[in-house]
Amino acid sequence: MNSNTNICAIEQIGAQVLRRIAMPVERVDDPSVTGVIAAMQVTLASTEGVGLAAPQIGESLRIMIVASRSTPRYPKAPTMDPTVMVNPEFNALSNEIAKDWEGCLSIPGIRALVPRFRKISVRYLNQQGVSQTLILEDFVARVFQHEYDHLDGLVYLDRVETNRDIVSEQEFQKLITESSAA
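Residues numbered from 1 in each chain as written. Predicted model: local features only at pLDDT ≥ 70, side-chain atom pairs only at ≥ 80, totals over all residues. Heavy atoms only, no water.

> Would you mind showing me how to read the sheet that holds strand 3 (residues 83-92) here?
Two orientations exist for strands paired in a sheet by backbone hydrogen bonds: parallel and antiparallel. Strand order in the open sheet formed by five strands is 1-2-3-6-7, with antiparallel pairing between adjacent strands. Since the sheet does not close on itself, it has two edges, and those belong to strand 1 (51-53) and strand 7 (131-137), each with one partner. Put simply, the sheet's adjacent strands are angled 40° from each other on average, direction ignored. Sheet topology places strand 6 (residues 119-125) next to strand 7; seven bridges connect them, and they run antiparallel. Across the sheet, residue Ser121 finds its bridge partner in strand 7, namely Ile135. Here helix 1 (residues 31-45) sits on the sheet and contacts strand 1, strand 2 (63-66) and strand 3; the angle it forms with strand 2, its principal contact strand, is near 30°. (Pairing = 2+ DSSP bridges. Helix = DSSP H or I, 4+ residues; strand = E, 2+ residues; numbered from the N terminus. Axes fitted to C-alpha atoms, helices over the stretch in contact; angles between N-to-C directions. Contact = heavy atoms within 4.5 Å.)

> Hey, could you run me through the pattern of salt bridges in this one?
Any two side chains of opposite charge can pair, on the condition that their charged atoms come close. Evaluated as defined, the whole model comprises 14 salt bridges. When the shortest N-O distance is used, the salt bridge between Asp152 and Arg62 registers 3.0 Å. Placement of the pair is Asp152 in the loop between helix 2 (138-151) and strand 8 (166-168) and Arg62 in the loop between strand 1 and strand 2, with a sequence separation of 90 residues. Take Arg62: its relative accessible area is 10%, and that puts it in the buried class. Between Glu169 and Arg111 there is a salt bridge, and its shortest N-O distance comes to 3.0 Å. Taken together, the residues span a long stretch of sequence, with Glu169 in helix 3 (residues 169-181) and Arg111 in strand 5 (residues 107-117) at a distance of 58 residues. Accessibility expressed as a relative area gives 22% for Glu169, which makes it partly exposed. Judged by its relative accessible area of 0%, Arg111 is buried. Through salt bridges that share partners, Glu102, Arg116, Arg142, Asp149 and Arg159 make up one connected network. (Salt bridge = Lys/Arg side-chain N within 4 Å of Asp/Glu carboxyl O. Buried < 20%, exposed > 50% of the residue type's maximum accessible area, 1.4 Å probe, protein only.)

> Would you mind going over the pairing of strand 2 with me for this structure?
It is a general feature of regular strands that their side chains alternate between the two faces of the sheet. Burial along strand 2 is two-sided: Ile63 and Ile65 facing one way and Met64 and Val66 facing the other are all buried. In the sheet, strand 1 pairs with strand 2 via three bridges, with the strands oriented antiparallel. By the bridge assignment for strand 2, Leu52 is matched with Ile65. The pairing of strand 2 with strand 3 spans four bridges and is antiparallel. Across the sheet, residue Ile63 finds its bridge partner in strand 3, namely Val86.

> How do you make sense of the packing of aromatic side chains when you look at a structure like this?
Pairs of aromatic rings are described using the distance from one ring centre to the other and the angle between the two planes. Overall, the coordinates contain five aromatic pairs when judged by the stated rule. Where Trp101 meets Phe172, the ring centres are 5.5 Å apart and the plane angle is 65°; that geometry is what we call edge-to-face. Placement of the pair is Trp101 in strand 4 (residues 97-104) and Phe172 in helix 3, with a sequence separation of 71 residues. Residue classification places Trp101 among the partly exposed residues on the basis of a relative accessible area of 21%. One Lys or Arg, Arg62, reaches over the ring of Tyr148 and ends 5.5 Å from the middle of that ring. Residue placement shows Arg111 over the ring face of Tyr74; its charged tip is 5.0 Å from the ring centre. (Phe/Tyr/Trp six-rings, centres within 6.5 Å; stacked < 30°, edge-to-face > 60°. Lys NZ or Arg CZ within 6 Å of the ring centre and 35° of its normal.)

So this is what it looks like as structure tokens:
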């Protein structure tokens, strides 16, 4: 990674780039693409986030990083090395859907219960342009689908079934404290 790469500002809800369908990457080895990936890596590492999509740093490209790890925002998250995914696609491996809490670096201060497929098959190009396939389940599958939505101009609030499933970060922290005490 280029040590000269700067941390990027995270685009916030309302920014037009978050509502655009991102463009496919033509060449993974293009210097502009490798620069976007490097910027995404340092930016994500500077946050407590578990994933980041290129539109979140203002780049309308089909690139995302899934980096599941335990953080104060997601204390029970499994550990997965940060994985760069270029031009990702996925298929649900069953119709089983689970609702769980999500937040977003582009929508600070809010959490919501979001329905997502529990188990998915993912195809993408890695940083070397080699096609990869993964089976993802539960939390990591959720992170993937959340970031994938960003590539299609969606945010997690678009998936909420009812406004009653949306809470402030402060109320979410109370819920987490109560559930861990139970």
